[in-house]
Each structure stands twice: as C-alpha cells, then as structure tokens.
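Structural features, examined
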Amino acid sequence: MPTARFREELLGEMKNLRAFAVSLSGSVSLADDLVQESLLRAWSNSEKFEPGTSLRAWLFTILRNLYYSNYRKHAREVQDSDGFYSRRLTVSGDQESHLDLEDFRRVFTMLPAEQREVLMLIGASGLSYEEAATICEVGIGTIKSRLSRARSKLVELLGRNDLSGRPIEQKIRRAS
Amino acid sequence: MNAIRKKANAAPDVAALDRKALEAIGRALKAHHADLVQAPLPEKLVELLARLKVGDSASEPQGSGDANG
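Reading guide: rules and limits
Residues numbered from 1 in each chain as written. Chains lettered and ligands numbered in written order. Predicted model: local features only at pLDDT ≥ 70, side-chain atom pairs only at ≥ 80, totals over all residues. Helix = DSSP H or I, 4+ residues; strand = E, 2+ residues; numbered from the N terminus. Domains from an automatic or database assignment. Contact = placed C-beta atoms within 7 Å. Expected span 1.5 Å × (residues − 1). Bend = angle between axes of the 7 residues up to and from the residue. Buried ≥ 20, exposed ≤ 12 C-beta atoms within 10 Å, placed from the backbone. Core = buried A, V, L, I, M, F, W, Y, C linked by C-beta atoms within 7 Å. Axes fitted to C-alpha atoms, helices over the stretch in contact; angles between N-to-C directions. Parallel < 35°, antiparallel > 145°, perpendicular 65-115°, else oblique. Left-handed = near helix turned anticlockwise from the far one by under 90°. Nonpolar A, V, L, I, M, F, W, Y, C, P; charged D, E, K, R; others polar. pLDDT = per-residue confidence, 0-100.

What follows concerns the overall build of chain B. If you tally the helices and strands in chain B, you get 3 helices and 0 strands. From first element to last, N terminus to C terminus, chain B shows the α and β order α-α-α.

Following this line, the structure appears as structure tokens:
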C-alpha cells in the first residue's frame, strides 16, 4: 500500500502534472481525464517508483504514455482551453519587449506535440535533457534538436522583430 | 522611446534579435506554465485525492530499506 509520504509528494505534483497535460493535449477536459487516470495508475503502481528518483519525471512518463496510446486521437477535436486561461496576460520583459500570453498560446498550440512536450518538460517544468530523453524515449540529441526547432518555430510565428522590438500586442490586437 | 525608434530604423543585428526573441519566448513559456500551475484543481480530482487511502502509521514501504524506526 502506498505510504503517506508518497501520497504527499503525489499531491504536490498534481498542478504541475495538470499543466503538462493541458499543454500536451490542448484541452482542459482531456487533461483532467488524463491526470485522473495517471494518478490512479501511479497509485496502483507506487511500488514501481524508485525513491530518490524524480517523481515528476515518473508521473510525466505515465501521463505521456496514456496520452499517446489512448487520448491523442481526440485531442484535435476538442480544443477547449479557451476560457480556462487567464485573459490577456502580458509577459513583461524589459521595457521594449512584451509578449501577450494569449498570442503566445495561439502559436504554441500550432506546434506538433513532440515539440510542445519538450518545451514544457525543459523550458517550463525544469527537467533535465536526460530526464526529458527518458520520458520521451529518444536520445538527448533528439531532445535538443526538437527543442531548437520548437524555439525557432515560435520565433518565426511570433515574429523576430516583434519579440525583440515593440510590444507584440500592439501589432496583433485587432482594430475594431 | 526615441532611442527605441532609432534602433528600429537601424539595420537589425540578427544575432541580438535572435537572442532577445529567444529570451522573450523563454519568459512566455514560464508565464504560460505559471498561469496553469496556479489554477485550482478540479473538484473531481480533489475528491479522488481525498479518497486515496494510505498504509497505516507504520507506513514505511516494504523492502525500501528506508526505515527510520
């Protein structure tokens, strides 16, 4: 039976796991199903988790496998994350560089899943290249090239000049 | 502002643009993640978590070698 400590650590990872699920599936309702199923799977397989290794990486692996085996075919049909995110959040950098979060999300969802997941694992969740490679079942070189392609694509879609120049929302916000 | 306009009119330094663009994307990604993580968990998940029963207070995992008495 899982220990109290395992339970606590699992609870501590739920929001992170859900953030990964939403970003991977593009759908909040799919993400919630995914998280729930992953949680049950992790719970019933708790003895397979090696203490001292990353619980986050272990949970991501479970969820990712579920997504690609059972959920992926539905993902494109249900893009329902609108209304879930905070609205019109601006990511501020230095004075000249602002990026509208909604604009970022719009282009983020245009990336293939293999690029979104690498961005989330490394750029957002703080996992190492090695952990990401294990989770995605590819070599570190593949992880690095996916990451690089993902970043280049985002820069291309958002516009290099906009990212480093004037606020992007001024350009994109529609005049009505 | 004048400085910014002047800069925009000058020939762009591609390497610097790339670096700034990548930094902007890194920040956006972290903001996207932070925004997702701060969202409350859905009710059905909270209920499920509450139902998960753990082993009794003698809760050291079997054979983990992590006994602390």
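The structure having been displayed, the exposition proceeds.
Residues and elements named next belong to chain A. The domain boundaries assigned to chain A delineate domain 1 (4-75) and domain 2 (90-172). Between domain 1 and domain 2, the residue contacts involve 11 residues of the former and 11 residues of the latter. Examining the composition of the side of domain 1 that touches domain 2, we find that 5 residues originate from one element, helix α3 (residues 55-75), more than from any other.

The next point concerns helix α1 (residues 4-25) of chain A. All names here are of chain A. Helix length check: α1, at 22 residues, gives a terminal C-alpha distance of 30 Å against a target of 32 Å (1.5 Å per residue), a fit within 8%. At M14, α1 shows its largest kink, close to 40°. All of the buried residues along α1 are F6, L10, L17, R18, A19, F20, A21, V22, S23, L24 and S25. Of the residues flanking the end of α1, it is G26, one or two places downstream, whose phi is positive at about 70°.

Here we come to the environment of S46 of chain A. Residue position: S46 of chain A is located in the loop between α2 (28-44) and α3. Among all residues touching S46 of chain A, those that are not within four sequence positions of it are P2 and F6 of chain A.

With that settled, consider the nonpolar core. Core analysis: the largest hydrophobic core is formed by 46 residues, its most contacted members being F20, A21, L34, L63 and L121 of chain A together with I25 of chain B. Each of two domains, domain 1 (4-75) and domain 2 (90-172) of chain A, supplies a minimum of three residues to this core. Setting aside residues up to four positions removed in sequence, L63 of chain A forms contacts with L17, F20, A21, L34, V35 and S38 of chain A.

Bringing unusual backbone geometry into the picture now. One non-glycine residue, E137 of chain A, lies in positive phi territory at about 55°. Following the sequence through the fold, E137 of chain A ends up in the loop between α6 (129-136) and α7 (140-158).

What follows concerns the environment of S54 of chain A. Residue and element names in this part refer to chain A. For S54, the location among the structural elements is in the loop between α2 and α3. The class for S54 is partly exposed, based on 17 C-beta atoms found within 10 Å. For the pair formed by S54 and Y68, sequence separation is 14 residues and the distance between their alpha carbons is 21 Å.

With that settled, consider the packing of α1 of chain A against α2 of chain A. Residues and elements named next belong to chain A. Axis separation between α1 and α2 bottoms out at 8 Å; the angle between their running directions is 140°. One finds that α1 runs oblique with respect to α2. In the packing of α1 onto α2, the handedness of the crossing is right-handed. Where α1 abuts α2, its residues L10, M14, L17, R18, A21, V22 and S25 lie against V28, L30, A31, L34, V35, S38 and A42. Across the contact of α1 with α2, the residue classes break down as 11 nonpolar, 2 polar and 1 charged.

Now for the packing of helix α5 (residues 113-124) of chain A against α7 of chain A. Residue and element names in this part refer to chain A. The N-to-C vectors of α5 and α7 enclose an angle of 100°; their axes lie 9 Å apart at closest approach. In terms of their interaxial angle, α5 and α7 are classed as roughly perpendicular. Here α5 contributes E114, Q115, V118, L119 and I122 to the contact with α7, which in turn contributes I143, R146, L147, R149, A150 and K153.

Attention shifts here to the confidence of the model for chain A. Residues and elements named next belong to chain A. For chain A, mean pLDDT is 83; residues scoring 70 or higher make up 77% of the total. Taking the mean pLDDT of every element in chain A, the minimum, 43, falls on helix α9 (residues 168-172) and the maximum, 96, on α6. Of the regions scoring below 50 in pLDDT, residues 166-176 engages in 16 contacts with residues more than four places distant in sequence or in other chains.

Moving on, we get to the environment of S25 of chain A. All names here are of chain A. Residue placement: S25 occurs in helix α1. On the neighbour-count criterion, S25 (26 C-beta atoms within 10 Å) is buried. Once the C-alpha coordinates of S25 and R72 are considered, the two residues, 47 residues apart in sequence, prove to be 7.2 Å apart.

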